[in-house]
Amino acid sequence: LEVQDFDIVFIKYKARLEDGYKIGTQAMDTEESTRICVEDLQPAGLRLAVQELKRGSKAVVTAKPSYAWGSEGSKDPAVPPDATILFDVELSDFHTVEDVCKDGGIQVELFNKPSSAWKKPKIGSTCVISFSAAVEGGDAWDSREFASGQGLKVNLGELNSEHEWLTDGFERALEHLVAGQEAFVKIKVQDSLSKRSYFLTICCLLQ
C-alpha cells in the first residue's frame, strides 16, 4: 500500500540546514513517533517524500527551496530565505484513510485489516457496533464526548429514525468497514443556525 494524502502517518523526523544547523520545534525533533495527517505535513517536499516511503523505512529527504520555504524563508520554524532543508525521516507506521465522498467531508481511518473474506454491510444490513462519539471544532465544541455504547444494533438505512445523533455520514462510513474492523470516523458537519462547521468524530468497532 502507498501512503495517500488523507492517510495518518506515524513518523519521526528532524530538520536541518545543509551546514548541519538544526531547525524546527521540539515536535520536529523527538524520539517518539508523531501522529499526523499527510496533507498537514510541511513543507511540500517532506509531504511528497513521505508518500514514497514504505512502512518501517528510513530516509534522508533533501528539499530544495521551491519544495521547502522558498525565497521568503520562515519565522516559525526559523528558516532563512532560499534554504535547502534536509530531513531525517522514519515512517514507523500509517493508517489508511478512505475519503468516502472524495472531498474530505467523511474520512474513515482504518486501524486494522481483518480478513478480506468478510463482506461489507449494505443498506438493510443489521450491524453491531461499539463506539465513542465526540465533537471537535474549537471553543465549547472542542473534543466533547456526548455518546458511547457497546453492542449497539443499528439497521443501515434507518439510523436517523432510530438514533437521531447518528448521521447519514456515519451510515456511509459503516459501509466501508467489515466485521472485526476498528476505525476512527471523522465527519464534517455544519450547524444550521450559526453556519459554523465542526467535526463529528466516532471511534467504532464493527462486530
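Numbering of residues starts from 1 in each chain and follows the order in which that chain's sequence is written. This being a predicted model, a pLDDT of at least 70 is required before a residue's local features are given, and a value of 80 or more before pairs of side-chain atoms are given or counted; all residues contribute to the totals for chains, interfaces and linings. Side-chain measures here rest on the full set of heavy atoms in the structure, leaving out hydrogens and waters.

Could you give an account of the overall build of the chain, naming the residues involved and the relevant values?
The numbering of helices and of strands both runs from the N terminus, where a helix is a DSSP run of H or I of at least 4 residues and a strand a run of E of at least 2. Scanning the chain from N- to C-terminus turns up three helices and eleven strands. Its helices and strands in sequence order give the chain the pattern β-β-β-α-β-β-β-β-β-β-α-α-β-β, from N to C terminus. Relative to its full complement of 207 residues, the chain shows a buried share of 41%. In the chain, the share of contacts with a sequence separation of at least 24, taken over all contacts with a separation of at least 6, comes to 60%. Each accessible area value is a Shrake-Rupley result obtained with a 1.4 Å probe; residue values ignore everything except the protein chains displayed when judging cover. A total accessible area of about 11700 Å² is found for the chain, and carbon and sulfur atoms account for 48% of it. Type-normalised accessible area, obtained with a 1.4 Å probe on protein chains alone, sets the label of each residue: buried when under 20%, exposed when over 50%, and partly exposed for intermediate values. We call two residues in contact whenever any of their non-hydrogen atoms come within 4.5 Å of each other.

For the nonpolar core, give the residues involved together with the corresponding values.
Ranked by internal contacts, the top residues of the largest apolar core, which has 25 residues, are Val108, Phe170, Leu174, Leu177, Val185, Ile202 and Cys204. At the level of elements, β7 (106–110), β8 (126–136), β9 (144–155), α3 (168–174), β10 (181–190) and β11 (197–206) are the ones that each hand at least two residues to this core. For Leu174, the contacting residues outside a window of four places in its chain are Pro121, Ile129, Val154 and Leu156. What we call a nonpolar core is a set of buried Ala, Val, Leu, Ile, Met, Phe, Trp, Tyr and Cys residues that are connected through their side-chain atoms within 4.5 Å.

For the packing of aromatic side chains, give the residues involved together with the corresponding values.
Aromatic rings considered in pairs are described by the distance between their centres and by the relative angle of their planes. When two rings of Phe, Tyr or Trp (its six-membered ring) have centres within 6.5 Å they constitute a pair, described as stacked for plane angles under 30 degrees, edge-to-face for angles over 60, and tilted for the intermediate range. Scanning the model with the defined rule gives one aromatic pair in all. Pairing Tyr13 with Phe87 gives two aromatic rings, centres 6.5 Å apart and planes at 55 degrees, and the pair type is tilted. Here the residue Tyr13 occupies a position in strand β1 (residues 8–17), and Phe87 occupies one in strand β5 (residues 85–95), the gap between them amounting to 74 residues. For the residue pair Tyr13 and Phe87, the accessibility class agrees, reading buried in each case. Either the NZ atom of lysine or the CZ atom of arginine qualifies as a charge over a ring when it sits within 6 Å of the ring centre and within 35 degrees of the ring normal. One residue, Arg55, lies across the ring of Phe94, its end atom 4.3 Å from the ring centre.

Which residues make up the pattern of salt bridges, and what values do they have?
Whenever Lys or Arg places a side-chain nitrogen within 4 Å of a carboxyl oxygen from Asp or Glu, that contact is recorded as a salt bridge. All told, the structure shown has three salt bridges when counted by the stated rule. Across the salt bridge formed by Arg16 and Asp88, the nearest N and O atoms sit 3.0 Å from each other. With Arg16 in strand β1 and Asp88 in strand β5, this residue pair connects regions lying 72 residues apart in the sequence.

With reference to specific residues and values, describe unusual backbone geometry.
A cis amide bond, omega 0 degrees, links Gln42 with the succeeding residue Pro43. Tracing the sequence through the fold places Pro43 in the loop between β3 (34–37) and α1 (44–50). Geometrically, the link from Asp76 to Pro77 is a cis peptide bond, its omega value of 5 degrees lying close to zero. In this fold, Pro77 is placed in the loop between β4 (58–63) and β5. Look at Asp82: it is not a glycine, yet its phi comes out positive at around 55 degrees. Here Asp82 shows up in the loop between β4 and β5.

Which residues make up the environment of Tyr67, and what are the values?
Its location among the elements puts Tyr67 in the loop between β4 and β5. Along the primary structure Tyr67 and Gln42 are separated by 25 residues, whereas in three dimensions their C-alpha atoms are 9.4 Å apart.

Kindly report on the environment of Gly151, identifying the contributing residues and their values.
When you line up the elements, Gly151 lands in strand β9. Those residues within four positions of Gly151 in sequence are excluded, and the remaining contacts are Val128, Ile129, Ser130 and Gln207.

Can you tell me about the state of the cysteines, naming the residues and giving the values?
Defined by distance alone, a disulfide is two cysteine sulfur atoms within 2.5 Å. The final tally for this structure, using the stated rule, is zero disulfides. Between Cys203, a cysteine without a disulfide, and Cys204, which holds the nearest cysteine sulfur, the sulfur-to-sulfur distance is 7.7 Å.

Residue-level account of the side chain of Ser130, with values.
As for its position among the elements, Ser130 is in strand β8. Residue Ser130 is classed as buried on the basis of its relative accessible area of 14%. Residues within four places of Ser130 in sequence aside, it is in contact with Gly149, Gln150, Gly151, Cys203, Cys204, Leu205 and Gln207.

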